[in-house]
Amino acid sequence: MVRIPMSFFIDHSLKHSPVSLVARLIFPAALLLVPVSALNLASAQAASTLIRVDASQPWHEPGPADYNLEYATAPSGDTLGLNARTLMRNDKPWLPVAGEFHFSRFPRAQWEDELLKMKAAGVDVISAYVIWIHHEEIKGRFDWQGERDLRAFAQLCAKHGLLLVARIGPWDHAEVRNGGLPDWVIKQGPTRVNDPVYLASVREWYDQVGAQLNGLMWKDGGPVIGIQLENEYSKRGPGAGEEHILTLKQIAVSSGLEVPLYFVTGWDNAVIPPHAVVPVYGGGYPDAPWDSSIVKLQPAQVYAFRFHSRVNGDTKTASAGDPPSASMLDSGSLPYLTIEIGGGIEDTYHRRPVIAADDIGAQVPVMLGSGVNFYGTYMFQGGENPEGALTTLQESQETGYPNDLPIKSYDFQAPLGEFGQERASLRKLKVFNYFMNDFGSELAPMQVHAPDLTPSDPSDFSVPRASVRSRGDSGFIFFNNYVRGYAMPARPASQFEIRLPSGMLTVPRHPIDLSSRSYFIWPFNLRLGSVTLRYSTAQLFTRIENAGVPTYYFEALPGIPVEFALDRATVESISTSSGQVSREPNAIYISGVAPGLDASIDVFSNNGRHIRLAVLTQQQAEDAWKVRIGGADHLLITNADFSSAPEAPHGHIWLRSRNTSQIEFTLVPPTATPLKASLPLTATSSTSKSITFSSEAAAWTDPLECVQTEAAGIAPPVKTGPPLDWRPHGVAQAPEAGPLPNAAHWSITVPAGAMNGLSNLYLKINYTGDVARLSAGGRLLDDNFYNGKAWIVGLKRFLAPQGPSIFELSILPLRKDAPIYLETSPSPEYAPNGQAIGLEGVTLVPEYQLEIDAAAP
C-alpha cells in the first residue's frame, strides 16, 4: 500500500510543478465533475491510492515554432507545418507514427511485404538510415543496386502511402562499422567537422543521395518529408558544432534534398542550431547493452514520465544532467518529437538482454503522457548486415567502437524480426498505434500536466506513475505500473482526481485496484460524434464506420472492470449487450460490461445520431486489424501474422501461420460479401456481430537431416577490450570473423522443394553455447549470441534454387568465466571442464499462407 501524507490531499496549485502525467491504468469506476469548493476531503483521505493532477490552467494556443519552414506544399496542395507543440498536416494537428526500417539490411524482394506489415500495424512514416559504407565502401564505386536501391525503396513507400524520413548521416551509428563512415573516409583525415577534404567527400555522398531521391521530395508529390543530418552529434570547437550542422544542411539543400523538416538527434549534449533544424529525441531503450555492467541494471528511465527534460539520461553516453541545449528546447519553442524509442534492443557480445512484449508496450503511454507528438520506434523491422567487399560491416571493438555486435544479424528483437516474423510486441504497439492514428489529432494539441506527487527517480516505486494531457475539460489519463525486470507494487483502491477548468473530475467514481504490470491510456470528456464520453476504464483503441454507424473500439485490460460514463445531456437512449445502466442527474454509467466479440453499447444522442461502443478482450484487441472488405470497414481478428494491401486492385489480405496448417479469422461486423481465398474457407460460427472462418492448408511433412561432424574442444579465454572515456571498464570481445576456434559443427540438410506450398520455412535451433553461426558453402549466412532463447532463421532467402540445401552450424562453447551478462533463467549447466555446449534440437517450422481477395464484387 502506498502511504500518502495528509498534505497530499490539501488543495494546492500545480503552477510551479512539472508538467506531465501518464496513466496506463484501467479504471472501472466513475468520473464526477463537481465544483472545487465542494471537494470532499474526507472521502479523498479514505482512498488508498489517490493520484491528483491539476489541469485547471486555461489551455492556450501553441506559439510559433522556432524553425524556418520551407518546401512545405505538395503539388496536390497538401501542406506540412509545425508550431511549438505539434506537427501540422493540412492545417490540422498531426501525430505521426514512425518505424525504423533499414532497407540495405533486408532483401529487396521482401521490402514490399514488410512495408505492408508496418502500415497494417499503424505506421505511417518510415524512418531509414541511408548508410554510407553500404553504398560506397570503395571510394568512387557507388552501389545503389539490389537491397541498396534507395530509390526503389522510396518509390515503394510512395506506392503504399507511407512517408519517408531519410537519415543520411554522414555518420549514423546504427551499430554499423565506423558508424557508417567508409574506411577510406576515415583514413583521408578529420571527420565530422568542416575539413575541406571531408566536406568534399560528404558533398559527393549527398549528391548521390539527392540523385536517388530526385523527384521524390514532398514538394514534388513524393514521400520524403524529412532529412536527418548527422546523428548523436555533440562536437564543439572550430569547424564543428552549429557551424558544421549548418554546413551539412547547406550541402543537402544544394544536392536537391529540399524537404520541410531537417532533423538532428537531440540527445548526447546535442548541437541544435536554432531556426535551422528540428531535434528528434531518443525515448530510450528497455535495456542498455552498451553498458559495461554484467549484472542487472537499475530501472530504465523509459518507464518514468518526463516532466523536466526531453533527454533520456540512460541513452548511450548521455550525462546525468540536462545539457543546456535540451533545457533551452524544453521551454516550448519546438514540439517534442522522437525518432528512437526502443522497439527492442540488439544484444552485444558482453550483454544479452531478452526483451518481452510488455517491455515495449509500457513505453507508449509514458512517452505520449510526457508530451511526445511524433512516436518513432527504433527498430520496427529487424534485418541483417549486407556483404562487405572489403570487411564485415558490423560495429566492433576492433574498429575502435564500444561494442561487439553479431557479424550478420541485426534482429534487434524488433516487432518485425530479422526474417519478417511478427512478434508479440508488434501487437502491443499496434493497439497504441491505432489509437494515435484515429485520435492523435485530438491528443497532439493537448498540454501535459504532472501529478502533485511524482517519483524522485526511475528507481522510486513508492509513488504511482501517471500523467494527464488535456485541452480545456477534455483529455487523457496516462498510467504506467510496469518496469522491465522489476515488480512494481499494486496500487489498491486507486482513483484519479483531476482538477479541470470547470471543476473536479474523479475517475473512477469508486476506487479500483490497479495491478502491478498494468499500463494504459483512458479518455475523459471526449466527444464521440454527438455524445460526450465522460470517461472509460477501458483503453480506447480504434474507430471504424460500417453501415453508417461509427463504432468506437475499446480494449479491456485484465483485472480492471469496464465502466463507461456518458454525459447525460448528450444521450437520448442506450442499449447494452451486458452490464448495468445507472442514471444520475448529470451522467449515465454502464458498468459490469463483459468484453468480447458481441459486447457492445448502442448509444443514441439527443439529436438522433447513433454510435456504438464495442469492448474487446486484450487478446482480441491485440489480434485485431483494420481491413476493407467489399468496400466496407471491418476488424479482422486472428492470431496469424497479418498484412494487407488495401489500395491494391483486389485489396489483398495475407494471413500466415507458423507450425499449424489451420488458419482462422473473425470479421467484426460480419460481411455479406462472398470471400475469395487461396484456400477453401468454412464459416465455423456466426452471430449478428461477427462471423468466423477457418481454412486448412496441406500439412507439410518434409524431413530434416542434422548430423554432428565435429565435437567441441576447449573454447579459448574471452579477451577484454580497452576502456573508453565514458566507460572506464573494458568489456568482453567477441570471436573474430571466420571459423570459430574449437567449436562443435553440424551438417544440416534441407531437402529439395521444401518450400513448396509454403510462405516461408524457418530453422529453429535450440542450443547452449556462446556464439552460433550458420554458413553455406563457406559463406556466413547468419549468426547469434546465445541468450537462452531459440535461434530462429528464415530459410526462404537461403535455400538453393535446385536440389537440397546444405548448411553448416557451428557452436562455440560458453565458458563459465566469460565476463558476459545472461538474462536467461535457469543458468546454463556447465560441465566439469568449465564450459557449456549442447544442441538440444533442430527443427523446421513451416509457415502457411492464406490470401484473401477483399475487393468489392
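You'll find the structure just up there.
Here the structure is a predicted model, which means the values were calculated and not measured.

J.: Can you walk me through unusual backbone geometry in this structure?
T.: Cis geometry is adopted by the peptide bond preceding Pro508, which originates at Val507 and carries an omega value of -10 degrees. One can find Pro508 in strand S21 (residues 503-514). The omega angle of the peptide bond from Ser825 to Pro826 is 0 degrees, so this bond is cis rather than trans. Phi at His275 is positive, roughly 75 degrees, even though this residue is not glycine. Looking at the secondary structure, you find His275 in the loop between strand S10 (261-265) and strand S11 (278-280). On the basis of relative accessibility, which here comes to 38%, the residue His275 falls in the partly exposed class.

J.: Where do I start with the pairing of strand S29 (residues 587-591) in this structure?
T.: For S29, the tally of buried residues reaches five of five residues, placing the bulk of the element in the interior. Across the two faces of S29 the burial is the same, with Ala587, Tyr589 and Ser591 and Ile588 and Ile590 all buried. Pairing of strand S26 (residues 563-567) with S29, which is carried by five bridges, proceeds in the antiparallel orientation. Within S29, the position partnered with Asp567 by the bridge is Ala587. In this structure, strand S28 (residues 580-583) lies alongside S29, joined through four bridges in antiparallel fashion. Bridge pairing in S29 links Arg583 to Ile588. Adjacent in sequence and paired antiparallel, S28 and S29 are bridged by three residues.

J.: What is the right way to look at the nonpolar core in this model?
T.: Side chains of nonpolar character tend, in soluble globular proteins, to be buried together. With 232 residues, the main nonpolar core has Ile126, Phe153, Leu213, Leu368, Leu613 and Leu655 as its most contacted residues. Among the elements that line this core, the one with the most residues is helix H11 (residues 424-443), at nine residues.

J.: How should I be thinking about the sheet that holds strand S25 (residues 549-556) in this particular structure?
T.: Where strands meet in a sheet, backbone hydrogen bonds hold them as pairs that are either parallel or antiparallel. Within the open sheet, the five strands sit side by side as S24-S25-S31-S30-S27. Their pairing is mixed. This sheet does not close on itself; its edge strands, each paired only once, are strand S24 (539-546) and strand S27 (571-576). Between one strand axis and the next, the sheet turns through 20 degrees on average, direction left out of account. Alignment of strand S30 (residues 600-605) against strand S31 (residues 610-617), held across five bridges, turns out to be antiparallel. Bridged to Val603 within S31 is Ile611. Lying over the sheet, H11 contacts S24 and S25, oriented at roughly 60 degrees with respect to S24.

J.: Just checking my understanding: could you explain the environment of Thr542 for this structure?
T.: In this fold, Thr542 is placed in strand S24. Residues in contact with Thr542, not counting those within four places in the same chain, are Tyr434, Asp438, Phe439, Thr551, Tyr552, Tyr553, Lys626 and Leu635. Side chain to side chain, Thr542 and Asp438 meet in a polar contact 2.5 Å long.

J.: Which parts of the structure should I look at to understand the sheet that holds strand S46 (residues 805-812)?
T.: With antiparallel pairing, the five strands of this open sheet are ordered in space as S40-S41-S46-S43-S44. Edge positions in the open sheet fall to strand S40 (705-710) and strand S44 (779-785), since each of these has one partner strand only. For this sheet, the mean angle separating the axes of adjacent strands, direction not counted, is 20 degrees. Where strand S41 (residues 744-750) and S46 come together, seven bridges link them in antiparallel fashion. Residue pairing across strands places Ser747 opposite Glu808, the latter belonging to S46.

J.: What is the right way to read the packing of helix H6 (residues 196-212) against helix H7 (residues 241-254) from this model?
T.: Between two packed helices, both the angle of their axes relative to each other and the distance between the axes serve to describe the pair. Two elements in contact, H6 and H7, have axes whose closest approach is 9 Å; the angle formed by their N-to-C orientations is 40 degrees. By the criterion of interaxial angle, the relationship of H6 to H7 is oblique. Once H6 is placed against H7, the crossing between them reads as right-handed. Along its contact with H6, which presents Tyr198, Leu199, Val202, Arg203 and Tyr206, the element H7 presents His244, Thr247, Leu248, Gln250, Ile251, Ala252 and Ser254. Here the residues of the contact of H6 with H7 are counted per class, giving seven nonpolar, four polar and one charged.

Definitions and cut-offs
Residues numbered from 1 in each chain as written. Predicted model: local features only at pLDDT ≥ 70, side-chain atom pairs only at ≥ 80, totals over all residues. Heavy atoms only, no water. Helix = DSSP H or I, 4+ residues; strand = E, 2+ residues; numbered from the N terminus. Buried < 20%, exposed > 50% of the residue type's maximum accessible area, 1.4 Å probe, protein only. Pairing = 2+ DSSP bridges. Core = buried A, V, L, I, M, F, W, Y, C linked by side-chain atoms within 4.5 Å. Axes fitted to C-alpha atoms, helices over the stretch in contact; angles between N-to-C directions. Contact = heavy atoms within 4.5 Å. Polar contact = N/O pair within 3.5 Å; in protein donor to acceptor, adjacent residues only side chain to side chain. Parallel < 35°, antiparallel > 145°, perpendicular 65-115°, else oblique. Left-handed = near helix turned anticlockwise from the far one by under 90°. Nonpolar A, V, L, I, M, F, W, Y, C, P; charged D, E, K, R; others polar.

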